[in-house]
Amino acid sequence: MSKEEMFKELADAVISCKKDAVDAAVEKARSEGIEPAEIIEKGLAAGMNEVGIMFERGKLFLPHVMLAAGAMESGVTILEADMPKDTASKKLGVIVNGTVEGDVHDIGKSIVSTMLQSAGFEVHDIGRDVPLQDFIDKIKETNADMVGLSALMTTTLPGQKAVIEMLKEQGLRDNIKVMVGGAPATENWAKKIGADCYAENASEAVAKAKELLV
Amino acid sequence: MTTEYTTRMGDGQRIFMTREQILADLKEGMADATDLGEIPDLSEDELDKLVDIIAMPARMVGVEPGKEVPVTHDIGTIRIDGDQGNSGVGIPSSRLVGVMMHERAFGADTMELGHIDYSYKPVKPVISNEQQTMEVCQQNTIVPLLYGAMPNLGLYYTPDGPFENPGDLMKAFKIDEARASIEGAAKHATRDITWIMQKMMASGADGINFDTIGAAGDGDMFASLHAIEALRKEFPDIYIEAGMAGELTLGLHGDLQYDGKVLAGMWPHQQAEVVSKAGANIFGPVVNTNTSRSAAWNLGRAVTFVKAAVKASSIPCHVNMGMGVGGIPMFETPTIDAVSRASKAMVEVAGVDGI
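Source: prediction; values computed, not measured. (Residues numbered from 1 in each chain as written. Chains lettered and ligands numbered in written order. Predicted model: local features only at pLDDT ≥ 70, side-chain atom pairs only at ≥ 80, totals over all residues. Heavy atoms only, no water.)

**Student:** Hey, could you run me through the interface of chain A and chain B in this one?
**Tutor:** One widely used convention gives an interface's size as the accessible area the parts lose upon coming together. In this assembly, 32 residues from chain A lie in contact with 34 residues from chain B. Of the roughly 2,500 Å² buried at the junction of chain A and chain B (both faces included), carbon and sulfur atoms supply 56%. The largest per-residue losses of area from chain A upon contact with chain B belong to Arg57(A), Phe61(A) and Ile107(A), which jointly make up 21% of the total buried on that side. Where chain A touches chain B, the interface holds four salt bridges. Counting the contacts that link chain A with chain B gives 11 residue pairs in polar contact (both at pLDDT 80 or more). Looking at the side of chain A that touches chain B, the elements that each hand over two or more residues are helix H4 (62–80), helix H5 (107–118) and helix H8 (187–193) of chain A. With eight residues, H4(A) is the single largest residue contributor to the side of chain A that touches chain B. (Contact = heavy atoms within 4.5 Å. Buried area = accessible area lost by both parts, 1.4 Å probe. Salt bridge = Lys/Arg side-chain N within 4 Å of Asp/Glu carboxyl O. Polar contact = N/O pair within 3.5 Å; in protein donor to acceptor, adjacent residues only side chain to side chain. Helix = DSSP H or I, 4+ residues; strand = E, 2+ residues; numbered from the N terminus.)

**Student:** Would you mind going over the packing of helix H6 (residues 175–202) of chain B against helix H7 (residues 218–234) of chain B with me for this structure?
**Tutor:** In a pair of packed helices, the angle between the axes and the distance between the axes together describe the arrangement. Residues and elements named next belong to chain B. It is at 8 Å that the axes of H6 and H7 come closest, and there the two elements cross at 35°. Of the two possible hands of crossing, H6 and H7 adopt the one that is right-handed. Listed contacts from H7 to Ile-182, Ala-186, Ala-189, Thr-190, Ile-193, Thr-194, Met-197 and Gln-198 of H6 are Gly-219, Phe-222, Ala-223, His-226, Ala-227, Ala-230, Leu-231 and Glu-234. (Axes fitted to C-alpha atoms, helices over the stretch in contact; angles between N-to-C directions. Left-handed = near helix turned anticlockwise from the far one by under 90°.)

**Student:** Would you take a moment to explain the packing of helix H2 (residues 44–55) of chain B against helix H10 (residues 336–350) of chain B for this structure?
**Tutor:** All names here are of chain B. Interaxial distance between H2 and H10 falls to 10 Å at its minimum, and their mutual angle equals 155°. In terms of axis orientation, H2 runs roughly antiparallel to H10. The chirality of how H2 crosses H10 is right-handed. Residue-level contacts link Glu-46, Lys-49, Leu-50, Ile-53 and Ile-54 of H2 to Arg-341, Lys-344, Ala-345, Glu-348 and Val-349 of H10. Its residues assigned to classes, the contact of H2 with H10 shows five nonpolar, no polar and five charged. (Parallel < 35°, antiparallel > 145°, perpendicular 65-115°, else oblique. Nonpolar A, V, L, I, M, F, W, Y, C, P; charged D, E, K, R; others polar.)

**Student:** How do you make sense of helix H2 (residues 19–31) of chain A when you look at a structure like this?
**Tutor:** Think of an α-helix as turning once every 3.6 residues; residues three or four places apart then point the same way. Residue and element names in this part refer to chain A. An ideal rise of 1.5 Å per residue puts 18 Å on 13 residues; H2 measures up with 18 Å between its terminal C-alpha atoms. Listed as buried for H2 are Val-22, Asp-23, Ala-25, Val-26 and Ala-29. Projected down its long axis, H2 shows its buried positions confined to an angular sector of 165°, all on one face. Along H2, the residues that are exposed and aim more than 90 degrees away from the buried face are Asp-20 and Ser-31. Packed against the buried residues of H2 are helix H1 (3–15), helix H3 (36–56) and H4. (Expected span 1.5 Å × (residues − 1). Buried < 20%, exposed > 50% of the residue type's maximum accessible area, 1.4 Å probe, protein only. Arc of directions from axis to C-beta.)

Right, here's the structure in full:
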């Protein structure tokens, strides 16, 4: 089996969302002498990217994304023994995500958290209707690289701007990226309030987080 | 110099485009819809017609004589009084006055009574108040008056309801538990919606509007379809309007089925079929607006999706048109140039039966 065929088998195993299939494909790739980094990058991660695309197109759904992420994690665990310490379990970045105060919308924000988590980020979802100071506290506590601010109502949108102002006041703004989203948020709104990016949906949130943090 | 026409971005920003640019964006939006939904392209004539509509010189446009369609409003009863920055105009008035203004001054063909919380679940503790208001409205108007709210399965999950939040469970890889939570919540929502409508029908309601079916994913849709089925069985003449939340039914559960069809991943033309099968009278397709794209891109996409839904549907389609849906920019008070153009396009190109 060529390397390319092996990578495809690994990716297909992730897309199948089956842990056993991923474990078997990883063991097979190891026995063929393929480097762990290559197995992850060109096989497992490529499969996860495809899962993300299928989610965006309505062909796979949230439970499948989580099952695929779990299967991939299992494969990475097998490879950890072959990898230098600390590199295997390294997360892509730490993200604090929540819906701003006054806004009880939860589902869209939760989908974004799940997709970010399955893409390899360490995500701290602090819920909905979150007091603005709680974002700051969690950012400090986790030493976050990015904060995601969701707002689903025009009346709560200013909460996103307020958090950015608080980050500036407390001298944290230069060390953290800010992503905004939610139905009334737009690219122009993100620019206006000084956010680093705006994401239209969960898949875009993952792509932009990777762009900014990886 | 090439003539440029005033149009909008999806966030309402004013932009200028040539006919060629408008056509290119319409085609790109259409291609996105045909690719995702696996539905047919619009014809060249239809695309030309859309370009003509966008490029019309008048600020506000209307449909050609003879092509007028019924227009209904959802939360309009409290839109007059509403004063929370939620599209309300803040004029002190009762919900009765809201209904009467829409019937007698604004030309609404059907109207809806809704509670300020606008989800079915919170109506339970105020049901007597809602029944009384429905009765008074019915005594003072002749417009068909529905009772309406969101199925909003989210209110059945912690911290608002008895079932553990499937989003949290999912993040902890508890997939089976998340699915069980969604199934439990759906049963409760079906029961609540049916009970509320039993009360409202006893108070003279003409029917029900399901507003934003699927907002909380496929479980939300599952609950709504079963409520539609139960209401049709109990009230054979009830008027049921089933409006969606978006063009794609989000799969939070992923395996829920109705009539042997998986609900997750359904596009408008597929949603229309199950809604009709459940017993609704009207299907309300929704296509959300992408704020980073032009109005032309959004309109090309929305019209393509809705046209396919109209074709597939065995019941009339009343498309959702408003802030951030139906090719209309996402803006607190959508501009009349964009609203009227998108509405004309939906009637004359997508062939909708109402708005």
